[in-house]
Amino acid sequence: MSQLWKGTKRYALIYSLFFKNSLIALMEYRINFIFGVMVELGFIVIKLSYVYVVFRVGENINGLTPYNVMLFVGTFIIMSGIYSALLFFNFVNLPELIRTGDLDTYITKPISLQFITTMKSIDISFAVPNIIGGIIVVVIGWNQSGIPVNLSNLAGYIGYLILGVILTYSLFLLPQLLAFWTVKTNGINDISNALFDFNQMPMTIYNKLVQRAGTFLIPVFLLTNYSPLFLLNGLSKLQMVWGIAAPFIFLILVRLLWKYALKQYTSASS
Amino acid sequence: MSIIEVQNLSKQFSYYKKEVGLKSSIKNLFHREALYKQAVKDVSFTVEQGEIVGFLGPNGAGKTTTLKMLSGIIYPTGGNATVLGYKPWERKKAFKQQFSIVMGQKNQLWWDLPANESLNLNRCIYEVSDQDFKMTVEELSELLDVKELLKIQVRRLSLGERMKMELIAALLHKPKVIFLDEPTIGLDLLSQKKIREFFKYYNQQNKVTIVLTSHYMNDIVDLCKRTIIINEGAVVYDGELAKINAMFDATKIVKVTLSQTVSDADLLQYGVIKNVDGLEVTLEIEKEQAKHNIKSMLDHLPILDFTLEDTPIEEGIAAIYQHGRKQA
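Residues numbered from 1 in each chain as written. Chains lettered and ligands numbered in written order. Predicted model: local features only at pLDDT ≥ 70, side-chain atom pairs only at ≥ 80, totals over all residues.

### Overview of the sheet that holds strand E13 (residues 303–310) of chain B
Residues and elements named next belong to chain B.
- In spatial order, the strands read E11-E12-E10-E13; together these 4 strands make up an open sheet with antiparallel pairing. Of all strands in the sheet, those with a lone pairing partner are strand E11 (272–277) and E13, marking the two edges. The mean inter-strand angle of the sheet, taken between neighbouring strand axes irrespective of direction, is 20°.
- As paired elements, strand E10 (residues 251–258) and E13 share 7 bridges and run antiparallel to each other. Within the sheet, the bridge partner assigned to Lys255 lies in E13 and is Thr307. (Pairing = 2+ DSSP bridges. Helix = DSSP H or I, 4+ residues; strand = E, 2+ residues; numbered from the N terminus. Axes fitted to C-alpha atoms, helices over the stretch in contact; angles between N-to-C directions.)

Laid out in structure tokens, this is it:
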């Protein structure tokens, strides 16, 4: 147990250094940072335009009021921020590490290779506008939907959000592992991003078949739908359990595939 | 037990060919004929603690592939190897904490950060204590003459300075085995020399085992008593560098400065003409007849100056590359 605690502490310390180093590097390029923030603000406006459309129409969508819809859109914006700040650049960079053979140096480090290659780069210029913007949208939606702010609602919302982050990690890392065989993964990236965007609107707007496929087969709807659905009492018992189990199942799956994929690594010419 | 033991280590890569042009690219989309290259074949050797062993070989000979297998970066397709008692490709944490690999063409430092930030990250990754960290950085940065540069962004450093920082990062955890893959590539002569001197000193002080690949003869001559020559994936020579020529070396090089021109026919009596530059002549003569021929040359030719040399070591190595002769 003490070994586990020691290990966790060590990884937390290393992660804090990744964070610090990324921040220092980011601050070296101020203009780029400002542009990053501006681009993200632009994306938020696009995402909010969906809410605008809902308000313009002024009708409920499958029982969801426009303010309920804001909960979904806000959660999606928060998750976009977390994904692009903590994971996206690492995932995109992985095929590059494989192609150029730069993975070599990482392999020789006495630390989990998966940890260092998938968590090393953090770009908060993407996180700041998305997370702040997303929280504002959620707070408005929460307030106007008349949902009580109590411990159980907060814990449920944040809990499913964290589970969503774990699932996002697993689900979007999986296709990148193909790079160990195919080297480039641009085609798969486009599909992954398109799947992520399925969450821009509540999952209930899709038909039952799409909902089931997006819940159990490729559980993209679990990424950002379960937090607001929990608040709106829209989760069945099965969904609640699946929402907790799926992130860990996929995390184990991605870990096993990672180990298998690594055996395919042939490095690159020197 | 030897610190590195390699038995019949082999590595086969698969690849495919593509003819010039778009048409063949389209064809390749649907069908690729798999071809195989035996990058390393049945390589065997052992290295003792404290040895510096040089790996020599032409490009694509299998030197780097062998180093990559010994550092656990890639899996072999055959044979076995242990480094410090570990199978490298099992990638055990305890093994990784005791060795280091420096690749001249790869860097591990964060480009946009001063080197000391990357060093600090390595300190945490390798679980080096604060005190040891301070001492090691102090000592190594002084030895390599980069103490003042630790706070400067890595991307603003010269190639030589960057390589020195890379070395500090690689030696922070005091590895027992160091693999150096062309550590002086692209560096100017002075930087090359400095790095060679550093490793010589570091090896003597710490008794670390070093396996080095380089295309620069000076690296090998200065540092390595023992050289393993690899060609086309196989070991073709394993022994002292100085003795390479003895294998072939049936000749000596005689350089003479003449006071007046001499016809080629006259020169050919003594040996093979390697070069004639005005009155400067280089001849290659049979070793066994060297004494007799030189005496005769001095008696019969208008010689002002004269030197006798061994055949350059590069020629011996080139001969080994070409003939692929194996010495037990």
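### Brief notes about the nonpolar core
- The biggest cluster of nonpolar side chains holds 128 residues, and the ones touching the most others in it are Val73 of chain A together with Ile168, Ile210, Val211, Leu212 and Ile229 of chain B.
- Per-element tally for this core: the top contributor is helix H3 (residues 66–100) of chain A, with 17 residues.
- Excluding anything up to four places from it in sequence, Val211 of chain B contacts Val47, Val53, Phe55, Leu67 and Phe179 of chain B.
- Counting residues in each nonpolar core, the second largest holds 8 residues, with Val256, Ile285, Ile294 and Met297 of chain B among its members. (Core = buried A, V, L, I, M, F, W, Y, C linked by C-beta atoms within 7 Å. Buried ≥ 20, exposed ≤ 12 C-beta atoms within 10 Å, placed from the backbone. Contact = placed C-beta atoms within 7 Å.)

### Remarks on the sheet that holds strand E1 (residues 4–15) of chain B
All names here are of chain B.
- Read from one edge to the other, the open sheet built from 3 strands follows the order E2-E1-E4, with strand pairing classed as antiparallel. The outermost strands of the open sheet, each flanked by one partner alone, are strand E2 (35–47) and strand E4 (78–83). Put simply, the sheet's adjacent strands are angled 30° from each other on average, direction ignored.
- Sheet topology note: the E1/E2 ladder contains 9 bridges and is antiparallel. Paired with Lys11 across the two strands is Val40, which belongs to E2.
- Running at roughly 115° to E1, helix H2 (residues 63–70) makes contact with E1, E2 and E4 of the sheet.

### What about the confidence of the model for chain B?
- Within chain B, residue pLDDT values average 87, and 96% of them lie at 70 or more.
- Under the prediction, the complex receives an ipTM of 0.83, its pTM being 0.81. (pLDDT = per-residue confidence, 0-100.)

### So, the environment of Asp181 of chain B
- By secondary structure assignment, the location of Asp181 of chain B is in strand E6 (residues 177–181).
- Separated by 113 residues in the primary sequence, Asp181 of chain B and Lys68 of chain B have C-alpha atoms spaced 9.4 Å apart.

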